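Here's the letter readout for the chains.
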Amino acid sequence: MVEALISGTMSSPTPPRFRRLLPDACDDFDLVAGYAYPDGLSAPWLRANMVTSTDGAAWGPSQRSRDLSGPADRALMGVLRGLADVVLTGAGTARAERYRPVRPREVWDRLRTGRPATPRIAVVTRGLDLEPELLRDAPDDARTIVFTTENSPRERRIAAAEHADVVVAGEESVEPAAVLAALGDRGLHRVLTEGGPRLLGELTGANLLDELCLTMSPTLAGPGADRIVTGGPRPEVQRMCLAALAEAEGSLFLRYTRP
């Protein structure tokens, strides 16, 4: 399945092969079936996809997560984006990782039957300091959504609204629950967040995370980098269930869900 989906969409001549280790061993793990969202969703299901080094860092020397990534991690990202209705990110990550609207070649069209060719991007920002391309270049059926505050710069709100859907989701700060409610109102139930760590901290602090897909990269980043979660309110410890464990090219791929 992975080879069929990747064919023609990735530059690597040899697509990565995933081995599932848990809950039962399988030498050719079907990512699409293994990471499918629950059926019949009537409210947003919030999935996070993050990568970490073996010593717990969220990024490498360039302060970008791609320092820890590889072909297998990017293949999984393509599947997760293809399955999602919307990709939710913080403004800092959007700038650091140079986010643009998702392009059709970055996801697999067979995963999007009956939906727009690409998921929408949704950005959480107070200052509205966003790259113009992220707003301007999105297709009409997958317009970028901007979540901001009542106290954000008015001129920037007006400018962003020319090309994107601007949603005020709080007075001083963007309220995570308001973000998910607004996505649900738009019928965007399959939500994928790619962080960064601060946004993930706010989402987990509000106890909104349903699922964590964690890539453990076979790298040591050393001191200096944040964990995949930082900032936000400090919640009680949340127990998660290990739904699946896979391996490819030395990386481990862990999928945790709510009990």
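Further up the page is the structure itself.
Quick summary incoming for the structure in this document. Since this is a predicted model, take the numbers as computed values, not measurements.

### Side note on the layout of surface pockets
Estimated volume of the second largest pocket: approximately 660 Å³. Thr204, Leu212, Arg227, Val229 and Gln238 are the residues nearest the centre of the second largest pocket, which is lined by 19 residues in total. When residues of the lining of the second largest pocket are assigned to their parent elements, the largest contribution, 3 residues, is made by helix H8 (residues 197-205).

### Considerations on a nonpolar patch on the surface
Together, Leu21, Leu22, Leu242 and Leu252 line one region of the surface with nonpolar side chains, adding up to about 280 Å² of accessible area. With respect to the helices and strands, the residue Leu22 is situated in strand S1 (residues 19-22).

### So, the sheet that holds strand S4 (residues 120-124)
Overall, mixed pairing links the 10 strands, which are arranged S1-S9-S10-S8-S2-S7-S3-S4-S5-S6 in an open sheet. Each having just a single partner strand, S1 and strand S6 (165-168) make up the two edges of the open sheet. For this sheet, the mean inter-axis angle between neighbouring strands, taken without regard to orientation, is 20°. Sheet topology places S4 next to strand S5 (residues 145-148); 3 bridges connect them, and they run parallel.

### Brief notes about the environment of Asp140
Mapping Asp140 onto the fold places it in the loop between helix H5 (132-136) and S5. Looking at Asp140, the relative accessible area reads 73%, which means it is exposed. Distance from Asp140 to Glu175, taken between C-alpha atoms, is 26 Å for residues 35 residues apart in sequence.

### Quick word on the pairing of strand S9 (residues 241-248)
When S1 meets S9, the two strands line up antiparallel, connected through 3 bridges. Each residue of the ladder has a partner; that of Arg20, found in S9, is Ala246. Sheet topology note: the S9/strand S10 (residues 251-257) ladder contains 7 bridges and is antiparallel. Bridging from a neighbouring strand, Leu245 pairs with Leu254 of S10.

### Considering helix H3 (residues 71-83)
Here H3 spans 19 Å end to end across 13 residues, near enough to the 18 Å set by a 1.5 Å rise per residue. For H3, the tally of buried residues reaches 10 of 13 residues, placing the bulk of the element in the interior. Taken together, the buried positions of H3 are occupied by Ala72, Asp73, Ala75, Leu76, Gly78, Val79, Leu80, Arg81, Gly82 and Leu83.

### Some words on the nonpolar core
Phe18, Tyr35 and Phe253 are the most contacted members of the largest nonpolar core, which totals 36 residues. At the level of secondary structure, the elements contributing two or more residues to this core comprise helix H2 (31-34), H3, helix H4 (91-96), S4, H5 and S9. If you tally residues by element for this core, the top one is H3, at 6 residues. Setting aside chain neighbours within four positions, we find Phe18 in contact with Cys26, Asp27, Asp28, Phe29, Leu31, Ala72, Ala75, Leu76, Glu247, Ala248 and Phe253. Val86, Val174, Leu183 and Leu200 belong to the second-largest nonpolar core, a separate cluster that totals 28 residues.

### Let's talk about the pattern of salt bridges
The full count for this structure, using the stated rule, is 14 salt bridges. With a closest N to O distance of 3.3 Å, Asp137 and Arg136 form a salt bridge. If you follow the salt bridges from partner to partner, you end up with Arg47, Glu211 and Arg255 in one network.

### Looking at the state of the cysteines
As enumerated under the stated definition, the model contains 0 disulfides in all. You can see Cys213 has no disulfide; the closest cysteine sulfur is in Cys241, sitting 14 Å from it.

### Things to note about the pairing of S6
The two faces of the sheet receive side chains in turn, since in a regular strand these alternate between them. As paired strands, S5 and S6 are joined by 4 bridges and run parallel to one another. Counted as the bridge partner of Val146 is Val166 from S6.

Definitions and cut-offs
- Residues numbered from 1 in each chain as written.
- Predicted model: local features only at pLDDT ≥ 70, side-chain atom pairs only at ≥ 80, totals over all residues.
- Heavy atoms only, no water.
- 1 Å grid on protein atoms, 1.4 Å probe; cavity = no way out; pocket = protein on both sides within 12 Å on 5 of 7 lines; lining within 4 Å.
- Points joined across faces, edges and corners; volume = space filled by probe spheres on them.
- Helix = DSSP H or I, 4+ residues; strand = E, 2+ residues; numbered from the N terminus.
- Patch = residues over 30% accessible without salt bridge, like charges linked within 9 Å, V, L, I, M, F, W, Y side chains within 5 Å.
- Areas by Shrake-Rupley, 256 points an atom, 1.4 Å probe, with all protein chains shown as cover.
- Salt bridge = Lys/Arg side-chain N within 4 Å of Asp/Glu carboxyl O.
- Pairing = 2+ DSSP bridges.
- Axes fitted to C-alpha atoms, helices over the stretch in contact; angles between N-to-C directions.
- Buried < 20%, exposed > 50% of the residue type's maximum accessible area, 1.4 Å probe, protein only.
- Expected span 1.5 Å × (residues − 1).
- Core = buried A, V, L, I, M, F, W, Y, C linked by side-chain atoms within 4.5 Å.
- Contact = heavy atoms within 4.5 Å.
- Disulfide = S-S within 2.5 Å.

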